[in-house]
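Residue-level structure breakdown
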Amino acid sequence: MGFFIKYLLSILIFFPLASAVLLLFINKKNEGILRYLSTFLSLVEFIFSIYLFVYFKPDTYKFQFVEKFHWIPSFGASYYLGIDGVSLFLILLTTLLTFISLISSYRYIREHVKEFVILMLLLETFMVGTFVSLDVLLFYLFWEFMLVPMYFIIGMWGTGKKVYAAVKFFLYTLSGSLMMLFGFIYIYILHYEQTGNFTFNIVKLYNTHIPIGLQIILFIALFLGFAVKIPLFPFHTWLPDAHTEAPTAGSVILAGVLLKFGIYGFFRFAIPLLPSATYVLAPAIIILGVIGIIYGAFVSVVQKDLKRLIAFSSVSHMGFIVLGLFAMSAISVDGSVLQLLNHGISTGALFLFAGMLYERTHTRQIADFGGIAKKAPILTTLFLISVLASIGLPGLNGFVGEFLILIGSFHNYTVLTIIATIGIIFAAIYMLRMFQKVMFQDITNPEMENFEDMNLREIVTVLPLILLMFFIGFYPMPFLSRIDPTVLHFISMVSHHDTIYNIIKLKTGLSNV
Amino acid sequence: MDYKVLITWLIPLLPLSGWLLWGLFGKYFKGYSGYFASLFVAASFILSVILFIIVSYSHGFTSTLYPWIHAANFKVGISAVIDRLSVVMLVMVTGVSTIVHVYSIGYMKGDKGFSRYFSFLNLFVFSMIMLVISNNLLLLYVFWEAVGFCSYILIGFWYEKKSASDAGKKAFIVNRVGDVGFAIGIFLLFATTGTLNYEAVFKMIPMIPVFTTTVIALLLFVGAIGKSAQLPLHIWLPDAMEGPTPVSALIHAATMVTAGIYMIARFHIIFSYSPVASEVVLTIGTLSAFFAAFIALTQFDIKRIIAYSTISQLGYMFMAVGIGSYTAGIFHLISHAIFKGLLFLTAGSVMHALAGELDLRKMGGLYSKMKVTAITFIVGALALSGIPPFSGFFSKDAILADTYNKGFYFAWVIGELAAFMTAFYIFRLIFLAFFGKSNLDSKVHAHESSKMMTIPLIIMASLAVIVGFLGVPPFNTSIFYNFLHVDFKNAYNFSPFVENAPWYLLSLVSVLAGLSGIFAAYLLYIRKVVMPEWLKSAFKPIYALSYNKLYVDEIYDFLIIKPLFVLFNFLWKIVDVSVIDGAVNGVASSFAFFSVKVKKIQNGMLMSYILTLSIGVAALLFYYFIR
């Protein structure tokens, strides 16, 4: 047990990889075995990740489960892993959603089952790896690897213009990432110049002294990498295509986990590395976030495709998270981190329901549905709960995060917060309009007459998410109490006196004193 | 655990467990879920009465169930404040809920969503209870939205009907508009005082600038305008009549819509320290009281008439809290809950008898066919018209007398005019529905409703007679005033009470206003001295204004909704697809030239990609181990 806990992060990274290798040896005709075994293995992975939660010490900001080995000493690259209160929950979200996506695909994925489950498990390795890496090079590798399985998942098992969507996703994020890499390497070299040591260790890189002008340039480089992932307006146009054409599992992982990396990147890298630039650029980024909130909501209202609507709603929701993070109050950052989970849970669930509707009717057009409530009461109830969670109804998870973001941001960014708050009206409009047209009213399309309610497998798929919605809504303390110390440390880290000194320099025009 | 604490938390938890039970296992309870749901709520009622007695003989207290959100310096618990105001509200909410639950067993009998109905009704009762016992603004806001959700789901209960699901959605969205104001008010309050706990907030209010207090109060009031359906956000309430009638009685007359008045009474410190905000409350209340009554004059749908009447009566309550007469506002809230609940339940009984018919023009002569319903309706109508000794007389008169004696003469005149119209429209309804010749559809056989429905009517009617006497003796000496005023003693007295006129003179004016309204309706619809048709053509523009509900919906549609949708489509089709995505694809296609050259690497063989990828990972690992 001691060994298990000590190397738990490595186990979490490599267990899915080992599982994928194991599955390579299974004949691709045994689709049943491939499906059940991959599901079982991802469940084991999820259970492993629960140990993280159990053994996590809530009242410290310090990295836990740390593993540190030399990797490429001449470059200063190390195999350095560790988690804090933020990455803890993102890992749990990743392992849970991977498990859920695998069960959800039994009906949807009919071809190339072997390739699919292997890619999903590889993707899990890369996602977990990205969240636990405290070495910039290691982080970057995992980050880029992640694109490949997702590219294939969209391109192979997608619908419609799937190849276009996959290529767009790939190129969009890749070009962002290259800018990010440039930024990282520049900081790496700067750190070498200042200390004489090569290191990719993020904790050491935090201490790099960077003049404010350069900080801003580097911040913009990192920003491009992360903003595309979030996606922040106006870098969002890959998302509706990718989400809409991806298979259910792809959409769930994309919305549930991949979008979180942008925020995580800002939290772990861009902001603490470049705090002065953050202070200078935060208002501009918040403006983009708030535009995203309103714009995403407005465009959602007139969507005709169910999945495209959910995709645009993500643009809106991620805008709230950007607002909370860059408003830089402890309350709002707490809210943003919690909202990362909430968005993964509720949007993940929404995509699962969109998938169930599509599997039964082979349409995603909102106008084609109607009157399903009569045929499928269980689906209606659970779908409604997810919709309500998404629009931030109190008692469900989304409310807690959204409220903390708004009340925390209000003091520093009063007007922008007010505009963001108005966004919640439109969230109610697009979601309830969609829900009414899809589920309520009378059946007009004869195809809907034979609509079956959810089966046991499908209930098992969404139930964990539904329970989490209520749990976080009624009792968010187990989450907040672990997030809070990390966030408080984050706030203190970015508001050290250096920053203020830099800002004074900028304001007085003394650039190189 | 202290027994008071236990009782306090059992009151909401009983209906909460009911929600889960009938919601999850409804099909196993079959038709009994209605009885069980009623029992749960009745138990909450009894506990509320016990709590009422405890608080009357000792003093209030607060209790925290568990810490809910602790993030940095933002700390909020699931906590209750039990004082005289909250126990009065508790008894009213659970009492009316019990009666409506029992009535619903008869009304919803045989509906295929029977258990679903009671599950949501229980959820509503839970939310409403929590709303009135919350001890901080966040929790209040939570249940403020939660009752709105219950309202949404119950208005759209018959979801197959487009009009019903439209109405539910409209209620939710219009309420959200108000809620946004409310939320921003909470943010500002927190930014100013650093807390959301009532007691802590109230201590700080006298110290913060009046301007800030005014802004906070006005923002909170925006929420009240939405929830309590005041002008100009009243448009959802008449449509909400699409829901089952007991829901209209409970949610859209007795409880949820009064949350705005409760909120202002609860925050009397904030509102009384801002005379400007109070003035706005008074103005909106007065306008709503008048214009809603004006619209009700010409409508033909019986539920919608009663709905407009509710908007109008809520307007009176806002007048009361707007002039600082908090006890008078709450007194009218209680008395209105009873007589308006009664009116809705009797309207439901009429609908039930006439197979869902709501149009006054297709009724008439029902008195002889359903005497209990008719008599209880008339009792409710007399109470609404402010005729002594029915409860509405005491409670409405207390408000109007206070407006006069606190020097708001204009509001008083408007209030009396509205009282005249009130008596007119409700007796117009009575004369058209219950008297005169029958215009019933030949297929409909009107009959008295079952005992399950009439007994609740009789109980409510008796209460409508009794409750008013809590309002004697007049002014600041009444039983109700003496009981409740303790909670409001810290309010800033911005409009001192001066006895400008003795109570009997003021009462006389009110009673005359009511009686003349009834008499006018009698002349028009029974004696037919003047044909209503003639009046209609003689005052055509005014009639059209009233009949078309001041064209508010049409104005919103033209000024807000249509332009917004044009904008939405523009943003999507032009900005998103053409401008932003067009730019992205433009950049991409300029690279297409180069891509031809690297095409060979992408041979489309998935396994070869996986292989390459794995080799890469393996190579890195290998390096790590041998380094």
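Residues numbered from 1 in each chain as written. Chains lettered and ligands numbered in written order. Predicted model: local features only at pLDDT ≥ 70, side-chain atom pairs only at ≥ 80, totals over all residues. Heavy atoms only, no water.

Focus: the overall build of chain B
To be explicit about the condition: For the purposes of this entry, the term helix denotes a DSSP run of H or I that reaches at least four residues, the term strand denotes a run of E that reaches at least two, and both are numbered from the N terminus. Computation of the radius of gyration draws on C-alpha atoms, with the globule rule given as 2.2 Å multiplied by the number of residues to the power 0.38. For every residue, the accessible area obtained with a 1.4 Å probe (protein chains only) is divided by the maximum for its type, and the residue is called buried under 20%, exposed over 50%, and partly exposed between those limits. For this analysis, residues touch if any pair of their heavy atoms sits within 4.5 Å. Reported accessibility uses the Shrake-Rupley method at a 1.4 Å probe radius. Residues are deemed covered only where the shown protein chains occlude them. Charge convention: Lys and Arg are scored as positive, Asp and Glu as negative, and His as well as the terminal groups of each chain are ignored. Charge positions come from single atoms, namely NZ of Lys, CZ of Arg, CG of Asp or CD of Glu.
If you tally the helices and strands in chain B, you get 25 helices and two strands. Here chain B has a C-alpha radius of gyration of 28 Å; the compact-globule value for 627 residues is 25 Å, and the two agree. Here chain B, with 627 residues, has 60% of them falling under the buried criterion. Excluding contacts between residues fewer than 6 apart, the proportion of contacts in chain B whose partners are at least 24 apart in sequence is 81%. Surface summary for chain B: the accessible area is close to 24100 Å², and the carbon and sulfur share equals 72%. Distance between charge centroids for chain B: 7 Å, based on 41 positive and 27 negative side chains.

As for the overall build of chain A
A count of helical and extended segments in chain A gives 22 helices and two strands. Relative to the compact-globule value of 24 Å for 513 residues, chain A shows a C-alpha radius of gyration of 22 Å, a close match. In terms of principal-axis extent, the alpha carbons of chain A reach across some 75 × 55 × 40 Å. Across the 513 residues of chain A, 71% fall into the buried class.

A look at helix 17 (residues 377-390) of chain A
All names here are of chain A. Inclusion rule: Every helix has an expected span of 1.5 Å times one less than the residues it contains.
Helix length check: helix 17, at 14 residues, gives a terminal C-alpha distance of 20 Å against a target of 20 Å (1.5 Å per residue), a fit within 8%. Within helix 17, eleven of the 14 residues are buried, leaving the element largely enclosed by the surrounding structure. Of all the positions in helix 17, only Leu379, Thr380, Leu382, Phe383, Leu384, Ile385, Ser386, Val387, Leu388, Ala389 and Ser390 are classed as buried. At the C-terminal side of helix 17, glycine 392 shows a positive phi close to 75°.

Considering the nonpolar core
All names here are of chain B. Our working definition: In this description, a nonpolar core means a group of buried Ala, Val, Leu, Ile, Met, Phe, Trp, Tyr and Cys residues linked to one another through side-chain atoms lying within 4.5 Å.
By size, the foremost hydrophobic cluster in this structure holds 438 residues, and its most contacted members are Phe74, Phe271 and Ile330. Setting aside its immediate chain neighbours within four residues, isoleucine 330 contacts Leu85, Val88, Ile261, Ala265, Phe480, Leu484 and Phe488. By size, the runner-up hydrophobic cluster in this structure holds 18 residues, among which are Leu282, Ala289, Ala328 and Ala411.

So, the pairing of strand 2 (residues 74-82) of chain B
A regular strand places its side chains on the two faces of the sheet in alternate fashion. Residues and elements named next belong to chain B. The condition that has to hold: Paired strands, as defined in this entry, are two strands with at least two bridges between them according to DSSP.
With eight of nine residues buried, strand 2 lies mostly within the body of the structure. Examined bridge by bridge, strand 1 (residues 61-71) and strand 2 share nine bridges and lie antiparallel to one another. When the sheet's bridge partners are listed, proline 67 is paired in strand 2 with glycine 77. A loop of two residues connects strand 1 with strand 2, the two strands running antiparallel in sequence, and alanine 72 in this loop sits at a positive phi of about 50°.

Brief notes about the interface of chain B and chain A
As a reminder, the rule being used: Summed over both partners, the accessible area lost on bringing two parts together, with a 1.4 Å probe, is the buried area. Salt bridge, as applied in this entry: a Lys or Arg side-chain nitrogen positioned within 4 Å of an Asp or Glu carboxyl oxygen. Pairs of N or O atoms within 3.5 Å make up the polar contacts considered here, provided that, within protein, one atom can donate a hydrogen while the other can accept it, and that residues adjacent in sequence are counted only when both atoms are side-chain atoms. Ten residues, namely Ala, Val, Leu, Ile, Met, Phe, Trp, Tyr, Cys and Pro, are considered nonpolar, four, namely Asp, Glu, Lys and Arg, are considered charged, and the remaining ones, Gly among them, are considered polar.
At the interface, 62 residues of chain B touch 79 residues of chain A. Here chain B and chain A share an interface that buries about 6400 Å² over both sides, 78% of which is from carbon and sulfur atoms. Per-residue buried area on chain B facing chain A is highest for Arg176, Phe187 and Trp572 of chain B; these three make up 11% of the total on that side. On the surface where chain B and chain A come into contact, there are zero salt bridges. Taken together, the links from chain B to chain A amount to 13 residue pairs in polar contact (both at pLDDT 80 or more). Those elements that place two or more of their residues in the side of chain B that touches chain A are strand 1, helix 5 (137-155), helix 6 (162-193), helix 24 (552-598) and helix 25 (606-626) of chain B. At 16 residues, the largest contribution of residues to the side of chain B that touches chain A is made by helix 6 of chain B. Across the side of chain B that touches chain A, the residue classes break down as 46 nonpolar, six polar and ten charged.

Focus on the packing of aromatic side chains
This is how the line gets drawn: Stacked, edge-to-face and tilted labels apply to pairs of Phe, Tyr and Trp rings (six-membered ring for Trp) whose centres lie within 6.5 Å, assigned for plane angles under 30 degrees, over 60, and everything in between, in that order.
Scanning the entire structure with this criterion turns up 90 aromatic pairs over all chains. Between phenylalanine 4 of chain A and tyrosine 51 of chain A, the aromatic rings sit 5.2 Å apart at their centres with planes inclined by 85°, giving edge-to-face as the arrangement. Highlighted residues: phenylalanine 4 of chain A in helix 1 (residues 2-6) and tyrosine 51 of chain A in helix 3 (residues 31-55), separated in sequence by 47 residues. Pairing tryptophan 22 of chain B with phenylalanine 36 of chain B gives two aromatic rings, centres 6.0 Å apart and planes at 25°, and the pair type is stacked. Of this pair, tryptophan 22 of chain B sits in helix 1 (residues 3-29) while phenylalanine 36 of chain B sits in helix 2 (residues 33-57); the two residues are 14 residues apart in sequence, bridging distant segments of the chain. The class of phenylalanine 36 of chain B is partly exposed, set by a relative accessible area of 35%.

Side note on the confidence of the model for chain B
This is how it is decided: The predictor reports its confidence for every residue as pLDDT, a score running from 0 up to 100.
Across chain B, pLDDT averages 85, with 93% of residues at or above 70. The ipTM value of the predicted complex is 0.89, and its pTM value is 0.90.

Remarks on the packing of helix 7 (residues 162-195) of chain A against helix 10 (residues 238-245) of chain A
All names here are of chain A. Threshold: Interaxial angle, 0 to 180 degrees, is taken between N-to-C directions of lines fitted to C-alpha atoms, where a helix line uses only the stretch in contact. An angle counts as roughly parallel when it lies under 35 degrees, as roughly antiparallel when it exceeds 145, as roughly perpendicular when it falls between 65 and 115, and as oblique in every other case. When the near helix sits turned anticlockwise from the far one by under a right angle, the crossing is termed left-handed; a clockwise turn instead gives a right-handed crossing.
Put simply, helix 7 and helix 10 touch, their axes get as near as 9 Å, and they point 135° apart. Between helix 7 and helix 10, the angle falls in the class oblique. For the crossing formed where helix 7 meets helix 10, the hand is left-handed. Between helix 7 and helix 10, the contacting residues are Lys162, Tyr164, Ala165, Lys168, Phe169 and Tyr172 on the first element and Trp238, Asp241, Ala242 and Glu245 on the second. Its residues placed into classes, the contact of helix 7 with helix 10 shows six nonpolar, no polar and four charged.

Description of unusual backbone geometry
Working note: non-glycine residues mostly have negative phi, and peptide bonds are mostly trans. With omega at -15°, the peptide bond leading from isoleucine 230 of chain A into proline 231 of chain A counts as cis. Within the secondary structure layout, proline 231 of chain A lies in the loop between helix 9 (212-229) and helix 10. Residue proline 232 of chain B is reached from leucine 231 of chain B by a cis peptide bond, and omega for that bond is 0°. Tracing the backbone shows proline 232 of chain B in the loop between helix 8 (210-227) and helix 9 (236-239). In this structure, glutamine 441 of chain A takes a positive phi of about 60° despite not being glycine. Within the secondary structure, glutamine 441 of chain A is located in the loop between helix 19 (414-439) and helix 20 (456-474).

Here we look at the confidence of the model for chain A
When pLDDT is averaged across chain A, the result is 88; 96% of the residues are at 70 or more. With pLDDT under 50 throughout, residues 504-513 of chain A is counted as low confidence; its partners more than four residues away or in other chains account for five contacts.

Focus on the packing of helix 3 (residues 84-107) of chain B against helix 19 (residues 451-466) of chain B
All names here are of chain B. At a minimum axis distance of 7 Å, the contact between helix 3 and helix 19 shows a crossing angle of 155°. Between helix 3 and helix 19, the angle falls in the class roughly antiparallel. In this structure, helix 3 meets helix 19 at a crossing whose hand is left-handed. Across the interface between the two elements, Val96, Ile99, Val102, Tyr103, Ile105, Gly106 and Tyr107 of helix 3 pack against Met452, Met453, Pro456, Leu457, Ile459, Met460 and Leu463 of helix 19.

A few points about the pattern of salt bridges
Residues and elements named next belong to chain B. Per the stated rule, a full pass over the model turns up 21 salt bridges over all chains. The shortest N-O distance in the salt bridge between lysine 169 and aspartate 166 comes to 3.8 Å. Of this pair, lysine 169 and aspartate 166 are both found in helix 6, three residues apart, which corresponds to roughly one turn of the helix. Look at lysine 169 and you get buried, because its relative accessible area is 15%.

Section: the pairing of strand 2 (residues 77-83) of chain A
All names here are of chain A. The element strand 2 is extensively covered by neighbouring structure, given that seven of its seven residues are classed as buried. In strand 2, alternate side chains face the same way, and those of Ala77, Tyr79, Leu81 and Ile83 on one face and Ser78, Tyr80 and Gly82 on the other are all buried. For strand 1 (residues 64-72) and strand 2, the ladder comprises six bridges, and the chain directions are antiparallel. Looking across to strand 2, one finds that glutamate 67 is bridged to leucine 81. In this antiparallel pair of consecutive strands, strand 1 and strand 2, the connection spans four residues, and glycine 76 shows a positive phi of 80°.

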